[in-house]
Amino acid sequence: MTSLTHVPVGSLPPERFAEVLAGSDGEAFLQAATRAYGALQGRVVWNVNSTATGGGVAEMLRSLLAYARGGGVDARWVAIGGEPEFFRLTKRLHNQLHGVPGDGGPLGDSERAVYARVLEAAAAELVPLVAPGDIVMVHDPQPAGLAGPLVEAGAHVVWRCHIGLDRPNDVMRRAWDFLRPAVEPAHAYVFSRESFVWEGLDKDRVEVIAPSIDAFSAKNQELSDQAVTAILGVAGIIADGDRIHATFTREDGTPGRVDRPAELFQDGPVPEGAPIVTQVSRWDRLKDPIGVITGFADHVDPALGAHLVYAGPAVAAVADDPEGAEVLQEAREAWENLPGPARSRVHLVCLPMEDGEENAAMVNALQRRSDVVVQKSLAEGFGLTVAEAMWKSRPVVASRIGGIQDQIDDGISGVLLDDPNDLPAYGEAVGGLLEDEAAARMGAAAKERVRRQFLGPRHLTQYVELFDRLTAG
Ligand code: UDP
């Protein structure tokens, strides 16, 4: 059975960041890119994860690796496969690394045997392709067991963990104990924030590197007001807009157009000119859709005339996530039970998923049209949606948890909610920003923060510095 998939990687010019970075930052990045080009000649930079599509990790790899290739680095991406039993186990580990039990199943000897069997098969395929001196970045728990065989093969191995929790609990510690022997041989362990670093790992090998967004992707590229209106019109979220202008630029530079309507649960589209408050999230209880909906209905003054748009992916498309359909159903019930006037100000949207870039352009348009963006999650690793909205100069109201705290400087580049379950405080924060002329200043500060800290160049430069250290040592 072939367990490795070679994922195609595009090529994008790193020089284009000069358009969005401040002068000195742009120069520093291009210097790092030139250094990387020199230092990495003859080495392949492998990236290993377990999926080519879906989720923030795949989204980041697609973009970061394309810029690395565009800069002349031989960056490659492989995804490991495995039996359903393996992915049930790794989903359990994923949940437990977020501090929740997931399916509650054990992490004992038979689970160790399943994990070892799949990773041995993957190592048998990957190790012969990797030359001594190559760099291998192993992402998240699924392929972590490759670290040992790759170190033995003479590669420089980095384990990159994208998940975590501010305060570890016992559920999490059990997952750490299961995975630690797999992870330990790596030369470096990279976490998204300091508080996510596991207990019991060699501190000298730990690096903290935050995630980033791609300023030029369909999700984040500039869109004209006309395109925003047209895209939301085609989706059915607003009444106006014409199909002709519902355009965006695809990653490969070719033109794209939004053609598919969204699935909508609403009394009617958002009226022209009405203020919009948006949360974009998967249909997941940890994103608290019910709290977002009822808190808006009960605690945002109707006199402000604002409408709430809660948008997530079409659930039919995600057949392996039965929870998505359940959570959407719960959200629909909460919406149907709202009193008439409140219900007409709340819109539930399932965005079509057939074309990932079309879906991204809809998220882009929605975030750009929003007066306030909300991310009232109950748990969050980083929260890419926060950086995405901040990049579009939107004032964001979000929970003071996980990586959201690294993005928003409370009161300056957004508003943090100390208690994500405090619905009156959420309503007050949203209503306050809708009325406040300072919201525009906050949005401008938000964009600057993302420009400095959460774009690809900062992320790639940190990787180059890490690779310099590893290959020198
Ligand atoms: N997203 C999307 N379409 C949707 C819903 C979400 O593209 O219909 C994207 C969203 O824009 C973000 C990612 O999915 O880029 C979610 O990442 P985040 O870190 O916010 O949360 P996660 O889903 O990883 O918990």
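This text follows the structure it describes.
Now for a description of the structure that goes with this document. (Residues numbered from 1 in each chain as written. Predicted model: local features only at pLDDT ≥ 70, side-chain atom pairs only at ≥ 80, totals over all residues. Heavy atoms only, no water.)

### Details of the overall build of the chain
Line of reasoning, step 1. A count of helices and strands for the chain gives 16 helices and 16 strands.
Line of reasoning, step 2. The globule rule puts the C-alpha radius of gyration for 473 residues at 23 Å, and the 22 Å found for the chain is close to it.
Line of reasoning, step 3. Each of the three principal axes of the chain carries a C-alpha extent, and together these read 65 × 50 × 40 Å.
Line of reasoning, step 4. Buried positions account for 55% of the 473 residues belonging to the chain.
Line of reasoning, step 5. Put simply, of all contacts in the chain between residues at least 6 apart along the chain, 71% involve residues at least 24 apart.
Line of reasoning, step 6. Accessible surface, the chain as shown: approximately 19100 Å² in total, 51% of it carbon and sulfur. (Helix = DSSP H or I, 4+ residues; strand = E, 2+ residues; numbered from the N terminus. Rg over C-alpha atoms; globule rule 2.2 N^0.38 Å. Buried < 20%, exposed > 50% of the residue type's maximum accessible area, 1.4 Å probe, protein only. Contact = heavy atoms within 4.5 Å. Areas by Shrake-Rupley, 256 points an atom, 1.4 Å probe, with all protein chains shown as cover.)

### Examining the packing of helix α3 (residues 84–97) against helix α6 (residues 170–183)
Line of reasoning, step 1. In contact at an axis separation of 8 Å, α3 and α6 are set at 130° when each is read in the N-to-C sense. Compared by their axis directions, α3 and α6 come out oblique. In terms of crossing hand, the pair formed by α3 and α6 is left-handed. The residues of α6 that touch α3, namely those facing Leu89, Leu93, Gln96 and Leu97, are Val171, Met172, Ala175, Trp176, Phe178 and Leu179.
Line of reasoning, step 2. Taken together, the residues that form the contact of α3 with α6 break down as 9 nonpolar, 1 polar and no charged. (Axes fitted to C-alpha atoms, helices over the stretch in contact; angles between N-to-C directions. Parallel < 35°, antiparallel > 145°, perpendicular 65-115°, else oblique. Left-handed = near helix turned anticlockwise from the far one by under 90°. Nonpolar A, V, L, I, M, F, W, Y, C, P; charged D, E, K, R; others polar.)

### Let's talk about a negative patch on the surface
Line of reasoning, step 1. Together, Asp301, Glu435, Asp436 and Glu437 make up a region of like negative charge exposed at the surface.
Line of reasoning, step 2. Positionally, glutamate 437 belongs in the loop between α14 (423–435) and α15 (439–453).
Line of reasoning, step 3. For glutamate 437, a relative accessible area of 77% translates into the label exposed. (Patch = residues over 30% accessible without salt bridge, like charges linked within 9 Å, V, L, I, M, F, W, Y side chains within 5 Å. Salt bridge = Lys/Arg side-chain N within 4 Å of Asp/Glu carboxyl O. Lys, Arg positive; Asp, Glu negative; His and termini not counted. Charge placed at Lys NZ, Arg CZ, Asp CG, Glu CD.)

### Remarks on helix α16 (residues 456–472)
Line of reasoning, step 1. Taking 1.5 Å per residue, 17 residues should reach 24 Å; α16 reaches 24 Å between its end C-alpha atoms and fits that length.
Line of reasoning, step 2. For α16, the complete set of buried residues consists of Gly456, Pro457, Arg458, His459, Leu460, Thr461, Tyr463, Val464, Leu466, Phe467 and Leu470. (Expected span 1.5 Å × (residues − 1).)

### Describing the packing of α3 against helix α4 (residues 109–126)
Line of reasoning, step 1. Packing of α3 against α4 brings their axes to within 10 Å, and their N-to-C directions diverge by 115°. When the interaxial angle is binned, α3 and α4 end up roughly perpendicular. Between α3 and α4 the crossing geometry is left-handed. Taken together, the residues of α4 that come into contact with α3 (itself represented by Glu85, Phe86, Leu89, Thr90 and Arg92) are Glu111, Val114, Tyr115, Arg117, Val118 and Leu119.
Line of reasoning, step 2. A breakdown of the residues in the contact of α3 with α4 according to their chemical character gives 6 nonpolar, 1 polar and 4 charged.

### Describing the sheet that holds strand β11 (residues 276–280)
Line of reasoning, step 1. Within the open sheet, the 7 strands sit side by side as β10-β13-β12-β11-β14-β15-β16. Their pairing is mixed. Here the strands that pair on one side only, and so sit at the sheet edges, are β10 (263–265) and β16 (415–417). When strand polarity is set aside, the average angle formed by the axes of neighbouring strands in this sheet is 20°.
Line of reasoning, step 2. Note: strand β14 (residues 372–375) against strand β15 (residues 396–399), 3 bridges, orientation parallel. If you follow valine 373 over to β15, its bridge partner there is valine 396. (Pairing = 2+ DSSP bridges.)

### Here we look at the packing of aromatic side chains
Line of reasoning, step 1. According to the stated counting rule, one finds 13 aromatic pairs in the structure shown.
Line of reasoning, step 2. Ring geometry for tyrosine 115 and phenylalanine 178: centres 5.9 Å apart, planes at 75°, overall edge-to-face. Within this pair, whereas tyrosine 115 is found in helix α4, its partner phenylalanine 178 is found in helix α6, the two being separated by 63 residues in sequence.
Line of reasoning, step 3. Relative to phenylalanine 467, the ring of tyrosine 463 lies with its centre 6.1 Å away and its plane at 5°, an arrangement referred to as stacked. (Phe/Tyr/Trp six-rings, centres within 6.5 Å; stacked < 30°, edge-to-face > 60°.)

### Some words on the site of the ligand
Line of reasoning, step 1. Taken together, 14 residues lie around the ligand, and Arg282, Lys287, Asn359, Leu384 and Glu388 are the ones closest in.
Line of reasoning, step 2. The side chain of asparagine 359 places a nitrogen or oxygen atom 2.9 Å from a nitrogen atom of the ligand.
Line of reasoning, step 3. Among the elements of the structure, β12 (307–313), α11 (356–369) and α12 (384–391) are those that each provide at least two residues to the shell around the ligand.
Line of reasoning, step 4. Ranked by residues supplied to the shell around the ligand, first place goes to α12 with 3 residues.
Line of reasoning, step 5. Residue composition of the shell around the ligand, by class: 5 nonpolar, 4 polar and 5 charged. (Near = heavy atom within 4 Å. Polar contact = N/O pair within 3.5 Å; in protein donor to acceptor, adjacent residues only side chain to side chain.)

### Remarks on the sheet that holds strand β1 (residues 4–6)
Through backbone hydrogen bonds, the strands of a sheet pair up, either in parallel or in antiparallel fashion.
Line of reasoning, step 1. The 7 strands are arranged β1-β3-β2-β4-β5-β6-β7 in an open sheet whose pairing can be described as mixed. Lying at the two open borders of the sheet, with one neighbouring strand each, are β1 and β7 (206–208). With direction set aside, neighbouring strand axes in the sheet form an average angle of 25°.
Line of reasoning, step 2. Strand direction decides the pairing type here: β1 and strand β3 (residues 74–80), joined by 3 bridges, are antiparallel. Counterpart to leucine 4 in the pairing with β3 is isoleucine 80.

### Looking at the environment of glutamate 15
Line of reasoning, step 1. Along the polypeptide, glutamate 15 turns up in the loop between β1 and α1 (23–39).
Line of reasoning, step 2. Between the C-alpha atom of glutamate 15 and that of phenylalanine 29, which follows or precedes it by 14 residues, the distance is 9.1 Å.

### Observations concerning the pattern of salt bridges
Line of reasoning, step 1. Under the criterion given, the structure shown has 33 salt bridges.
Line of reasoning, step 2. Here glutamate 59 and lysine 219 are joined by a salt bridge, their closest N and O atoms 3.2 Å apart. Of this pair, glutamate 59 sits in helix α2 (residues 55–70) while lysine 219 sits in the loop between β7 and α7 (225–235), and the two are 160 residues apart along the sequence.
Line of reasoning, step 3. Where lysine 447 meets glutamate 222, a salt bridge forms, and the shortest distance between an N and an O atom there is 3.7 Å. On the criterion of sequence distance, the pair formed by lysine 447 in helix α15 and glutamate 222 in the loop between β7 and α7 is long-range, its members being 225 residues apart.

### Description of the side chain of arginine 160
Line of reasoning, step 1. By secondary structure assignment, the location of arginine 160 is in strand β5 (residues 156–161).
Line of reasoning, step 2. No salt bridge forms around the buried arginine 160; measuring N to O, its nearest opposite-charge neighbour aspartate 140 is 7.4 Å away.
Line of reasoning, step 3. Each residue touching arginine 160, except ones within four places of it in the same chain, is listed here: Met137, Val138, His139, Asp140, Val190, Phe191, Ser192, Ile209, Ala210, Pro211, His459 and Tyr463.

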